[in-house]
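For reference, the chains in residue letters:
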Amino acid sequence: MSTSVPQLRVPLAGRRSGRLTRAARAPLARFIGRRLLMVIPVLWGVSFFTFVAMNALPGSAAQSLLGPNATPQEVARFEAQLGLDQPFFERYWDWLTGVLHGDLGTSLASGASVSSILLDALPVTAELILVAIVVALLVAIPLALLAARRPNGIADRAGLFLSMVGLSIANYVLALVLVYIFAVKLRWLPAMGWTTPGEDLGQNLRCLVLPAVSIGLPLLCFYTRLLRADLLEQMQGEDYVVTARAKGAGPWRVLVHHALRNSTFGLITIVALNLGTLLGGAVIVEQIFQIPGVGRAMLSAIDNRDIPVVTGAVLVFAVIVVLANLVADILYSVLDPRIRYGDART
Amino acid sequence: MATRGPDLAVTAAPAVLEPALEPSAGRTAGRWRRSLGVTIPAAMLVVIFAACFLWPLLGSLPEPTGGNILDSDLPIGSAGHLLGTDEVGDDTLSRILHGGQASLEIALAVNAIGMLVGGLLGAAAAYWGGWRDTVVMRVLDMLIAFPSLVLALALAQGLGPGKLNTIWALCVFSVPAFARVARAATLRLREQPFMTAARLSGTRQRRMLLGHIAPNILPQLLTFALLGMGITIILEGALSFLGLGVQPPDPSWGNMIAQGQGILSAEPRFVLIPSAALFLTVVSFNLLGDALRARWST
């Protein structure tokens, strides 16, 4: 192993060959360590940007909470009570130290702690998103294999066209059309509402179908297109495909056992990268189906100008995206040794 | 000897051309079909733009707001109201077309700003390289880490509703996206011989960026802008749907869908008509962007 490492590394970063031996000793641990260190400035930046975006905006939260009839004195007193009269950096520092202790502040509207509001809502959003991702993947993988089996064949062309059509449907449009068909006309599924899985799992799943499909259908099209493209790239350019064919493996075997395995890496990255868009979609779908997740908590906080809750929700969403990308990178390097050696230089 | 020269050329010419002709004849059908992939969505977009921006100028359409309450809830196909009227008597067709104007204007502005600011930023970052590239890209990575709709929602709320503020809120996601595309395209370009030649002949930085890099990355930015139009129109619709974009009574597809949501079971057309308009526009942009990308990448 150690003899093959320099050959891999030298053309990539010849002048740093002094670091090679150290990197070669524990490449995986080193890679993960570097990647974890890189997350710290990103997380700090995300928190700073969230706070700036939410607090530097015009409009007084106190005014909107007290209503238009409040006198300036009342507004000033209330702002002092909320700490809104403090200088910006002092407020940011207080907020950041609170966040590091797991305290996201208190809701202006209800007085409850923001972290407890978000913790109550998080499992709901997580269930919705995970079900959508898993179902989309389960359908997307066979579809992509079918399309990649004969590039430019009928299945491939139809798949490409239909997936583009699917990607063009806004999830709020899809949600309302689904509600109209399956809840209003056919009366098979509830149009809105939520039951926790602990209460009644069957009802929970019935509530989950329409929202999960609204999020999952565009996702399915997205995964299918990207996996197909990646599979085709593997089939055309990679030596191991030639080897597999040469030893007599059938076309399906090459696709499923060889190409798909390698395309999984790309798929993991795509799922992680796309999570931000997905969470945005969850916000609007939760609102339509009246599901008590983080997105709905955030929207009702936006309505009330409840800035601590909005800030907390945006922060939670952003941190989830950053951490998901971290996990994807680490998983990638665990599964694919080429990354560990190649990418350690950047 | 001298006489054989032209002779050879004449006899050689068909021999050279022949093999080239045969596949090209076979390829005509494929080329025609491929061009169909571009012309159909392009024609749909021309029709949509003309309907939204030119039809209201003809003066035969009723105003999108301030309709007569006595004309409320007319069905599709009524005299003078092709798509009927809503519960306050406003003409649905007129609202769809004016709403489309708002959507398209916002999407065009967001993508133009994204292409200009993001494109220059990404190209400059890739051209300079080094720490400036790192700083610019890290900041943009951070912006991309934010769920775009979540951030746009929060910003739209903070800035207050309205067309201009919707544009600013959506630019937060378009600028970094364009910057990434421009950066990747410029990085591929940087080591090309003509770039080295231009650098060696002492071309100034501004001329390098605007005269050499910009024209070469423009096709990629344009195809990305077409896909970006689709995304922006959906996001703008989402903001308006949630009451944070274009405000009623001014029409937009998003707020028309939101208004129709309450009477979905009784009158589904108030959801379905703006939904269809939204879908057709987005699918045209997406199909055109996809077809052009496939054509220009080969």
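Below is a short write-up of the structure. (Residues numbered from 1 in each chain as written. Chains lettered and ligands numbered in written order. Predicted model: local features only at pLDDT ≥ 70, side-chain atom pairs only at ≥ 80, totals over all residues. Heavy atoms only, no water.)

## A few points about the overall build of chain B
Scanning chain B for helices and strands turns up nine helices and zero strands. Across chain B, helices and strands are ordered from the amino to the carboxyl terminus as α-α-α-α-α-α-α-α-α. For chain B, buried positions account for 46% of its 298 residues. Of all intrachain contacts in chain B linking residues separated by at least 6 positions in sequence, the fraction that spans at least 24 positions is 71%. Accessible surface, chain B as shown: approximately 14,600 Å² in total, 67% of it carbon and sulfur. (Helix = DSSP H or I, 4+ residues; strand = E, 2+ residues; numbered from the N terminus. Buried < 20%, exposed > 50% of the residue type's maximum accessible area, 1.4 Å probe, protein only. Contact = heavy atoms within 4.5 Å. Areas by Shrake-Rupley, 256 points an atom, 1.4 Å probe, with all protein chains shown as cover.)

## Overview of the interface of chain A and chain B
Chain A puts 43 residues into the contact, and the matching count from chain B is 39 residues. Counting the surface chain A buries against chain B, the share from its top three residues, Ser 168, Tyr 172 and Leu 176 of chain A, is 18%. Linking chain A with chain B are one salt bridge, by the criterion used here. Note that Arg 225 of chain A and Asp 290 of chain B form a salt bridge whose closest N and O atoms lie 2.7 Å from each other. Going through the elements one at a time, helix 3 (27–55), helix 8 (154–167), helix 9 (171–185), helix 13 (275–289), helix 14 (294–303) and helix 15 (307–335) of chain A are the ones with two or more residues in the side of chain A that touches chain B. Looking at which element gives the most residues to the side of chain A that touches chain B, the answer is helix 3 of chain A, with eight residues. (Buried area = accessible area lost by both parts, 1.4 Å probe. Salt bridge = Lys/Arg side-chain N within 4 Å of Asp/Glu carboxyl O.)

## As for the pattern of salt bridges
Inspection of every chain in the model, using the stated rule, returns six salt bridges over all chains. A salt bridge links Arg 228 of chain A to Asp 156 of chain A, with the nearest nitrogen and oxygen atoms 2.5 Å apart. Of the two residues, Arg 228 of chain A is situated in helix 10 (residues 201–237) and Asp 156 of chain A in helix 8; the sequence distance between them amounts to 72 residues. There is no split in this pair, since Arg 228 of chain A and Asp 156 of chain A are both buried. Between Asp 290 of chain B and Arg 293 of chain B there is a salt bridge whose closest N-O contact spans 2.8 Å. Linking Asp 290 of chain B with Arg 293 of chain B, this pair stays in helix 9 (residues 269–297), spanning three residues, or about one helical turn.

## Section: the side chain of Asp 156 of chain A
Residue and element names in this part refer to chain A. Taking relative accessible area as the criterion, Asp 156 reaches 1% and is therefore assigned buried. Of the polar contacts made by the side chain of Asp 156, one reaches the backbone nitrogen of Asn 152; its length is 2.7 Å. Those residues in contact with Asp 156 that sit more than four places away from it in its chain are Ala 147, Arg 150, Pro 151 and Arg 228. (Polar contact = N/O pair within 3.5 Å; in protein donor to acceptor, adjacent residues only side chain to side chain.)

## Concerning helix 4 (residues 148–159) of chain B
Every α-helical turn comprises 3.6 residues, leaving residues that sit three or four positions apart pointing alike. Residues and elements named next belong to chain B. Spanning 12 residues, helix 4 covers 16 Å between terminal C-alpha atoms, matching the ideal 16 Å at 1.5 Å per step. Helix 4 sits mainly inside the fold: nine of its 12 residues count as buried. Buried within helix 4 we find Leu 149, Val 150, Leu 151, Ala 152, Leu 153, Ala 154, Leu 155, Ala 156 and Gly 158. Downstream of helix 4 by a residue or two, Gly 160 has a phi angle that is positive, lying close to 95°. (Expected span 1.5 Å × (residues − 1).)

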